[in-house]
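Geometric and topological summary
Chain residues, written in single-letter form:
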Amino acid sequence: MKLDLDRCTGCKLCQLVCSVVSFGENNPKKAGIRVVSRLFTDARYDVVVCDQCGLCIESCPVGAISMEDGVVRIDADTCTNCGICVETCPNGAMFVHPDVDHPIKCIACGECARLCPRGVLDALAGVGKVAS
Amino acid sequence: MHGYAGAILRVNLSTGAVSREPLTEDLASNYIGGRGFGAHFVYREVPAGTDPLGPGNKLVVAAGPFSGVFLPSGAKTSLSAKSPATGLYGDSNIGGHLAAELKYAGYDALVIEGKAGEPSYLFIEDDRVEVRPCAKLWGMGSIKTEKALKDELGDEFQIAAIGPAGENMVVFASVNHDIGRQAGRCGMGAVMGSKNLKAIAVRGTRTVHVADMAGLRKVANEMFAVLAANPALKVWQDQGLAQVTTWSNSIGALPTRNFRQNFYENAEALSGERMRSDIHVRDKACFACPMATGKYCRARHRGETVYVEGPEYETTALIGSNCALGSIEEVAYANYMCDELGLDTISGGSAVAFTMECFERGIITKEDTGGIEARFGSLDAFVEIVKLIAARQGIGEPLSRGVRAAAEAWGGGSEDFAIQVKGLEWSGYESRGAPSMMLAYMTCDIGAHHNRAWAITHDIAVGRNIIKGKAAKVIELQHTRPLFDCLGVCRLQWVELGLPLEYYARLYPAVTGRQDSWDDLLDKSERIWNLVRAFGVRERADFGRADDQPPRRFYTEPVPDGPLAGSRITREDLDRLLDEYYDLRGWDRNGRPTAKTLERLGLRDVAAELQALGRIS
Amino acid sequence: MRVTVEISKVLASIRPGLAERTDLDIPDGAVVSDALAAAGLEQGLWGIVLVGDRVAGATATLSPGDKITVLPPVSGG
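Along each chain, residues carry numbers from 1 onward, in the same order as the chain's sequence is written. Numbering of ligands from 1 and lettering of chains from A proceed in the order in which they are written. For this predicted model, a pLDDT threshold of at least 70 governs which residues receive local features, and a threshold of 80 or more governs which side-chain atom pairs are given and counted, while totals over whole chains, interfaces and linings are taken from all residues. Note that the side-chain values use all heavy atoms of the structure and ignore hydrogens as well as water.

1. Some words on the packing of helix α18 (residues 435–443) of chain B against helix α20 (residues 470–487) of chain B
Residue and element names in this part refer to chain B. All axes here are fitted lines through C-alpha atoms, helices being fitted over the stretch that makes contact, and every angle between N-to-C directions spans 0 to 180 degrees. Numbering of helices and strands runs from the N terminus, with a helix taken as a DSSP run of H or I at least four residues long and a strand as a DSSP run of E at least two residues long. Contact geometry of α18 with α20 gives a least axis separation of 9 Å together with a crossing angle of 50°. The angle between α18 and α20 places the two elements in the oblique class. In terms of crossing hand, the pair formed by α18 and α20 is right-handed. Mapping the contact onto sequence places Pro435, Ser436, Leu439, Ala440 and Thr443 in α18 and Lys470, Ala471, Val474 and Gln478 in α20. Polar here means any residue outside two lists: the nonpolar Ala, Val, Leu, Ile, Met, Phe, Trp, Tyr, Cys and Pro, and the charged Asp, Glu, Lys and Arg; Gly therefore counts as polar. Partitioning the contact of α18 with α20 into residue classes produces five nonpolar, three polar and one charged. Each angle receives one of four descriptions, namely roughly parallel if under 35 degrees, roughly antiparallel if over 145, roughly perpendicular if within 65 to 115, and oblique otherwise. Left-handed describes a crossing whose near helix is turned anticlockwise from the far helix through less than a right angle; right-handed describes the clockwise counterpart. Residue contacts are counted whenever heavy atoms from the two residues lie within 4.5 Å of one another.

2. Looking at the domain arrangement of chain B
The figure often quoted for interface size is the accessible area lost as the parts come together. Residues and elements named next belong to chain B. Domain start and stop points were drawn from an automatic or database domain assignment. Under the domain assignment, chain B is made up of domain 1 (7–203), domain 2 (235–425) and domain 3 (435–612). A straight line from the C-alpha centre of domain 1 to that of domain 2 covers 25 Å. Facing the 38 residues of domain 1 at the interface are 34 residues of domain 2. Buried area: the sum, over both parts, of the accessible surface (1.4 Å probe) that disappears when the two are put together. Its largest share of buried area at the contact with domain 2, domain 1 owes to Phe172, Arg181 and Arg185, together 26% of the area lost on that side. For this document, the term salt bridge refers to a Lys or Arg side-chain nitrogen within 4 Å of an Asp or Glu carboxyl oxygen. Where domain 1 touches domain 2, the interface holds four salt bridges. Arg185 is the partner of Asp344 in a salt bridge, and the nearest nitrogen-oxygen pair spans 3.1 Å. Two N or O atoms count as a polar contact when they lie within 3.5 Å, although within protein this holds only if one can serve as hydrogen donor and the other as acceptor, and sequence-adjacent residues are included solely when both atoms are side-chain atoms. Applying the counting criterion to the domain 1 and domain 2 interface returns 20 residue pairs in polar contact (both at pLDDT 80 or more).

3. A closer look at the pairing of strand β4 (residues 77–82) of chain B
All names here are of chain B. The cut-offs for exposure are 20% and 50% of the maximum accessible area for each residue type, with area from a 1.4 Å probe on protein chains only; residues under the lower value are buried, those over the upper are exposed, and the others partly exposed. Most of β4 sits out of view: six of its six residues are buried. Being paired, for any two strands, means DSSP has found at least two bridges between them. Two elements, strand β3 (residues 59–62) and β4, share three bridges in a ladder whose sense is antiparallel. The residue of β4 that forms the bridge with Ala62 is Ser78. Pairing of β4 with strand β5 (residues 89–94) involves six bridges; the strand directions are antiparallel. The residue bridging Ser78 from the neighbouring strand is Asn93, located in β5. Hairpin connection from β4 to β5: six residues lie between these consecutive antiparallel strands, with Gly87 at a positive phi of about 70°.

Given below as structure tokens:
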């Protein structure tokens, strides 16, 4: 999965809409995606988001994570919020929030890609189409 | 409370006391947020005669109900205090990511009082609030300070910091945020410096609840779609506000050589196209904004390479054409110096241009400048002068108090071309050929700033020589545009891309649950405008019409060249503009709100206070 | 030749009476500024001008059927 990071402007609309779609809330910390500023060192932005590699599936001690149609999902009812998958993720794309009892990750719904003003996240929308 | 975090955080730096006050329904509904909250707290809590640079002044840092909410660019933070530049109420706002983060941390506004015993920064992470000593940051540039704090605390912390100019209480010191966003006007950086407050660092994990999420999503999605479909969006993404330089020059509004001219023969070298082709590195956006007007640029000067966000139009006008610099890269380097020192590029550019004119006229000499050849066009001179200003050394001492004070110090008739109103330097539109814009600058509540009413196209549309009828448009704009600063949202999507105001009117009930119409909100904006005016009336027995005057240059010197060569505005024209304006506002001819007007706006207690002082009838 | 001029709502509010969409007959070889003058917009009242979906200058030559989109001048933030 290749994101067009050169076009990212750091606006964080992806984080905001993710929280709106996932939780019905305005809260970019409750999102399965992060925009990280690298302006001071590299004059650019990074986006951290799941690439659905699936490494977390094996790491989960309670079998709460599975792959469905190319998208890695966490079953919130089974999840014990132990944090092992968060540490396992090679991309750092499993996010924790103090008010949420399971890690938050991208499920490739495509909403952020639809709204991104620069088309940075088009590759995510592609995953979403596979999923649906 | 829907649309709000629901709390005001009050921090007394003298005692270290921190308290959370619930946001009252009365404050939220009557003053909305942002600048409205600023005006409320500063009027109510900063009594007449307070030293703006003393512990009695209060700095209000406020988001609005739209800040941090799912809609285009709910990104605006207002900083308000009694201004050390004007001695009146002052405010300035910043884009970036601060407003949203403040809401997520659980606060609609910070009210910062007193003075810390040692250099400190304010740390806020949700409920955790600490005043932390930071001696090692004192003296550091504002951008370097931001980097140091982000390195220590993490990238999710949003930082607002001052540079050496703020520490030294230069009256046009800025507050910098997100590398290149500034609350530049009115000396809010000096107020922070006077409180030994180097920076504010905020991170929050909370939710901003709204009244009708489904309704909000519907309106916001429409707004995002309309913006995305606008073919001009691409131009904004490419050039941002830098595109205005060429237009401003073409209509005779580009400040040139300390506002003597309004046409710069070398403007092409400062254009948005040149910014894009010569120095641009990356587009940079405020929170949830598709326009991304921030232009991260690279500039080289004398072997040094620096990165800076900008230069946008105001900086290009005041530093570029107004100091007659030769290229956009030179402007970018000067921009970097101002940002790092923590100086407003508008007032800073104006102060340098004023110095250059005084030097070329012989009012000051090389002896005064310490050897600096302060001639128009010299970037080296620019850099040396702003360093002296930030350090308040030599000619930098009087300049650090603004061009009005510098003119008093240097004399020689220089007050005629100290380009300011109320002590605040004039921003980027020379207005001899635009009477409504001239009136907008004269009557802007914080001094000579363009953001309250931007009316040049109105002048062009109805006739640039016409005086009568201009005041109504200025008043309409003075209520509409600052409303965005109350709501905590950027207005560029409306004013620049033409997103209809109806969308914002629909957002308000969805976010707050209140059923105010747009006209209701405009009434509240008028109330805030009058409260700010009342602050001046309470402050000084002689406050009034004399404070609404432009510098003599504008009504005694015709425009020397360019598209408006020979045009002028007369003293009589200015008086007619003011009379019409005061009458329409319900103010007396000395520019003071009448008791009747204040009462109409729900400010009965303010009317009573000013009447008891014998200030209004 | 016939071209279409579309102006934004903001611009329409600056100069009341201007239609948001006007079809114009202008001489062959006319340029953008000719069409805008014919639509009642003098220089200074327009900012970005697009012909089709491309940004165009005042002296860009027009072709039959072109749609000209006019935005107000930048208004200083």
